[in-house]
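Below are the chains, spelled out letter by letter.
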Amino acid sequence: EIVHAYEQLVALGDDQDHRWGLARALEKQGRLNECRRELRSLANLALRKKEFEQAARALDYILRTTPLDIETRKLQADLCEAREDRGLAARKHEEIAVLSILSGNVQDAESHCRRLSDVMPEMAETVRKLGRLCQDQGDRQDRFGGHRRRRHRGPGNFRQERPDNFGNTTQGAPPQPIPG
């Protein structure tokens, strides 16, 4: 009920107080993903209007509850760039790159390394090396893991590889005895 009322208020007039109210109401109902989405939207709008304090407040609120949120950190980096604080923006891109590597998104990490290379070239190279190492390790695990999964399928799985009468492996149902 309260959420619906705030949603209507936001639709009628884009007031930041209404967006804050909507975010808090969503949070009280336990709809945390929607709350974070609304706060990111609030921060993005404030950033476009050059209301940097309001944007920072919304982003800090999100990071208090979910400190590893990459999307929020991306907005923080954009905020630092808009404030022309290159050093802090570089540190935010470094954090994003490392978190992206940890979450398995090496391509995203590399894109943030490109932004680091102007300000912190040593750190950019370190993150690139770490990304390559993690990607190589992941490729090796995928090759081993995929092979292992094929070999250890359960007896109820009809796609299990089985040798036929001639020693070749086939996929499919187990051979049926010939009636007779």
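Residues numbered from 1 in each chain as written. Predicted model: local features only at pLDDT ≥ 70, side-chain atom pairs only at ≥ 80, totals over all residues. Heavy atoms only, no water.

A. Region of the structure containing the overall build of the protein chain. Helix and strand counts for the protein chain stand at eight helices and two strands. Beginning at the N terminus, the succession of helices and strands in the protein chain can be written as α-α-α-α-α-α-α-α-β-β. Relative to its full complement of 180 residues, the protein chain shows a buried share of 32%. Considering only contacts within the protein chain whose residues lie at least 6 apart along the sequence, 35% involve residues at least 24 apart. About 12100 Å² of surface is accessible on the protein chain, with carbon and sulfur atoms providing 50% of the total. (Helix = DSSP H or I, 4+ residues; strand = E, 2+ residues; numbered from the N terminus. Buried < 20%, exposed > 50% of the residue type's maximum accessible area, 1.4 Å probe, protein only. Contact = heavy atoms within 4.5 Å. Areas by Shrake-Rupley, 256 points an atom, 1.4 Å probe, with all protein chains shown as cover.)

B. Looking closely at the confidence of the model for the protein chain. The predicted model of the protein chain averages 76 in pLDDT, with 71% of residues at 70 or higher. Averaged over each element, pLDDT in the protein chain is lowest for strand S2 (residues 169–171) (45) and highest for helix H4 (residues 52–65) (94). Note that pLDDT drops below 50 for residues 146–175; the model gives that stretch 27 contacts with residues more than four away or on any other chain. (pLDDT = per-residue confidence, 0-100.)

C. Representation of unusual backbone geometry within the structure. Although it is not a glycine, Lys 50 adopts a positive phi angle of roughly 65°. Examined against the element boundaries, Lys 50 turns out to sit in the loop between helix H3 (32–48) and H4. Here Glu 84, not a glycine, exhibits a phi torsion of approximately 65°, which is positive. Among the secondary structure elements, Glu 84 is positioned in the loop between helix H5 (70–82) and helix H6 (86–102).

D. Focus on the packing of aromatic side chains. Scanning all chains against the criterion turns up one aromatic pair. Judged by centre distance (5.7 Å) and plane angle (90°), the ring pair of Trp 20 and Tyr 61 falls under edge-to-face. One end of the pair, Trp 20, is in helix H2 (residues 16–28); the other, Tyr 61, is in helix H4, with 41 residues separating them in the sequence. Among the residues examined, Trp 20 registers a relative accessible area of 3% and is labelled buried. (Phe/Tyr/Trp six-rings, centres within 6.5 Å; stacked < 30°, edge-to-face > 60°.)

E. Broad picture of H4. For H4, which comprises 14 residues, the first-to-last C-alpha distance of 21 Å matches the rise-based estimate of 20 Å (1.5 Å per residue) to within 8%. Looking at H4, one finds that the buried residues are Gln 54, Ala 55, Ala 56, Ala 58, Leu 59, Tyr 61, Ile 62 and Leu 63. For H4, the secondary structure elements touched by its buried residues are H2, H3 and H5. (Expected span 1.5 Å × (residues − 1).)

F. Structural view of the pattern of salt bridges. Evaluation of the coordinates by the stated rule reveals eight salt bridges. Measuring nitrogen to oxygen at the nearest pair gives 2.7 Å for the salt bridge that ties Glu 34 to Arg 31. As a salt-bridge pair, Arg 83 and Glu 53 come within 3.2 Å of each other at their nearest N and O atoms. Taken as a pair, Arg 83 in the loop between H5 and H6 and Glu 53 in helix H4 lie far apart in primary sequence, 30 residues in all. Exposure remark for Arg 83: the relative accessible area of 36% places this residue in the partly exposed category. Judged by relative accessible area, Glu 53 falls into the exposed class, the value being 60%. (Salt bridge = Lys/Arg side-chain N within 4 Å of Asp/Glu carboxyl O.)

G. Expanded view of the side chain of Gln 54. Within the fold, Gln 54 resides in helix H4. A polar contact is formed between the side chain of Gln 54 and the side chain of Arg 57, at a distance of 3.2 Å. (Polar contact = N/O pair within 3.5 Å; in protein donor to acceptor, adjacent residues only side chain to side chain.)

H. Up close: the side chain of Lys 92. For Lys 92, the position within the fold is in helix H6. The buried category is assigned to Lys 92, whose relative accessible area is 13%. Apart from residues no more than four positions distant in its own chain, Lys 92 is found in contact with Arg 73, Gln 76, Ala 77 and Cys 80.

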